[in-house]
Amino acid sequence: MKGKINIPAIILFYIIAVALRFLAVKTTLLNHVDNEYLKILLRGIGPTIGAVAAFTLFQIPSGLSLKGIYKNLLLPFVVYWILPATLIASVYYLQHGQFPIVLMFTVLVYGLLEEIGWRGFLQQQLKPLPKIYAIIIITILWFSWHLNFDLSTSNFIFLGIIFFGTWGIGKVYDKTASLLAVAGVHSLNNFFRNGLHETELILIAVLLAIWIVFIIWYDKKNEITAAANLNELK
C-alpha cells in the first residue's frame with residue numbers, strides 16, 4: 001500500500017459532517033428557517049464544512065475543482081447540471097403543470113455539498129487503500145451519515161444504492177476530477193426521492209447513457225489530441 005492515510009483528518013471531517021447532519025435532521029434547529037430550499041441545503045452542508053476544516057487544520061492541498069479535466073466551467077455545467085435539471089423539470093411540467101427548475105438546481109447544489117466531502121475529500125484521502133476497501137469504507141460512512149438505521153427492506157436497498165453509488169460516482173470522479181460532474185450523477189437519486197416509476201427509470205437510463213458516452217468521447221478526444229501533440233514534437 002503506497003502513501004499514508006491521514007486518519008485524524010478523516011476523523012475530524014466525519015465528526016463535523018455527522019454533527020451538522022444530526023443538528024439538521026434530528027433536532028428542531030431548522031424549524032425556524034422559512035425557506036425550504038435553504039433547509040434542503042443545510043441538511044447536506046456537513047461534508048463540505050468537514051472537508052474544509054480538515055483541509056485547513058491539517059494543511060492538506062485540496063485539489064478541488066468544479067471543472068476538473070474540462071477546459072472551461074461551462075461544458076460540465078451544461079452537460080451535468082443544465083441537461084438533467086431542464087430535462088427532469090420539463091417532464092415534471094408535462095405531468096403536473098409545474099416547472100420546478102429552482103428545486104432542480106437546489107438538489108444539484110445539495111449534491112455538490114455532499115460530493116465535496118465524499119469524493120473531493122474522503123475518496124482522495126483513501127487512495128492509498130486497495131479500491132474495494134476504500135469503496136466499503138466510504139459506503140459505510142456515507143450510509144451512516146444519513147442517520148437512518150431502520151432495519152427495513154427499503155433501508156437495505158438504500159445501502160446497496162450507496163455501495164454502487166460509491167463505486168460509480170467514484171469512477172466518474174477518477175475520470176473527470178470534476179465536482180460538477182459527480183454532483184450531477186449523485187443528484188439522480190435525490191431527484192426521485194418520492195419513488196421510481198417507469199418515467200423516472202427511463203430518465204435515469206437516458207441521463208446515465210448520455211453521461212457515459214460523453215465521458216468516453218471526451219477521453220478519446222483527449223487521447224487523440226495528446227497523440228497529435230506528441231507527433232508534432234517528433
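Our subject is the structure that appears above.
Residues numbered from 1 in each chain as written. Predicted model: local features only at pLDDT ≥ 70, side-chain atom pairs only at ≥ 80, totals over all residues. Heavy atoms only, no water.

Caption draft 1: Highlighting helix H3 (residues 46-57). Relative to the 16 Å expected for 12 residues at 1.5 Å per residue, H3 spans 16 Å between its end C-alpha atoms, a close match to the ideal helical length. Restricting attention to buried positions, one finds in H3 the residues Gly46, Pro47, Thr48, Gly50, Ala51, Ala53, Ala54 and Phe55. The inward-facing, buried residues of H3 abut helix H1 (7-25), helix H5 (101-125) and helix H6 (131-145). Once H3 ends, the next one or two residues include Gln59, with phi positive near 50 degrees. (Helix = DSSP H or I, 4+ residues; strand = E, 2+ residues; numbered from the N terminus. Expected span 1.5 Å × (residues − 1). Buried < 20%, exposed > 50% of the residue type's maximum accessible area, 1.4 Å probe, protein only. Contact = heavy atoms within 4.5 Å.)

Caption draft 2: Summary view of the layout of surface pockets. Roughly 1000 Å³ of internal volume is contained in the largest pocket. Lining the largest pocket are 32 residues, and of these Phe164, Gly165, Ile169, Val185 and Leu208 sit closest to its centre. Those elements that provide at least two residues to the lining of the largest pocket are H5, helix H7 (153-176), helix H8 (179-191) and helix H9 (198-233). When residues of the lining of the largest pocket are assigned to their parent elements, the largest contribution, 11 residues, is made by H7. Of the residues assigned to the lining of the largest pocket, the class counts are 20 nonpolar, seven polar and five charged. (1 Å grid on protein atoms, 1.4 Å probe; cavity = no way out; pocket = protein on both sides within 12 Å on 5 of 7 lines; lining within 4 Å. Points joined across faces, edges and corners; volume = space filled by probe spheres on them. Nonpolar A, V, L, I, M, F, W, Y, C, P; charged D, E, K, R; others polar.)

Caption draft 3: How the structure looks around the nonpolar core. Ranked by size, the top nonpolar core spans 56 residues in total, and within it Phe13, Tyr80, Trp118, Phe121, Leu122, Leu126 and Phe191 carry the most contacts. When residues of this core are traced back to their parent elements, those giving at least two are H1, H3, helix H4 (74-96), H5, H6, H7, H8 and H9. Of the residues forming this core, the biggest block, nine residues, is contributed by H5. Phe13 has contacts with Pro47, Gly50, Ala51, Ala54, Gly117, Trp118, Phe121 and Leu122, leaving out every residue within four places of it along the chain. (Core = buried A, V, L, I, M, F, W, Y, C linked by side-chain atoms within 4.5 Å.)

Caption draft 4: Just the side chain of Thr166, in detail. Among the secondary structure elements, Thr166 is positioned in helix H7. You can call Thr166 buried: its relative accessible area is 2%.

Caption draft 5: How the structure looks around the packing of aromatic side chains. Inspection of every chain in the model, using the stated rule, returns 20 aromatic pairs. When the centroid spacing of 6.5 Å and the interplanar angle of 45 degrees are considered together, the rings of Trp81 and Phe105 count as tilted. Separated by 24 residues along the polypeptide, Trp81 in helix H4 and Phe105 in helix H5 bring together distant segments of the chain. With relative accessibility at 22%, the residue Phe105 sits in the partly exposed group. Ring geometry for Trp118 and Trp145: centres 5.8 Å apart, planes at 75 degrees, overall edge-to-face. With Trp118 in helix H5 and Trp145 in helix H6, this residue pair connects regions lying 27 residues apart in the sequence. You can call Trp118 buried: its relative accessible area is 0%. A residue is classified by how much of its surface remains accessible, and Trp145, at 0% relative accessible area, is buried. A network of ring pairs unites the aromatic residues Phe13, Tyr14, Phe55, Trp118, Phe121, Trp142 and Trp145 as a single cluster. Here the guanidinium or amino end of Arg119 rests over the ring plane of Trp142, the centre of that ring lying 4.7 Å away. (Phe/Tyr/Trp six-rings, centres within 6.5 Å; stacked < 30°, edge-to-face > 60°. Lys NZ or Arg CZ within 6 Å of the ring centre and 35° of its normal.)

Caption draft 6: Region of interest: H6. A rise of 1.5 Å per residue sets the reference length of H6, with its 15 residues, at 21 Å; its end C-alpha atoms lie 21 Å apart and thus fit the reference within 8%. Within the sequence span of H6, burial applies to Ala134, Ile135, Ile138, Thr139, Leu141, Trp142, Phe143 and Trp145. Against the buried residues of H6 lie H1, helix H2 (36-43), H3, H5, H7 and H8. In the stretch just after H6, Leu147 is the one whose phi turns positive, near 55 degrees.

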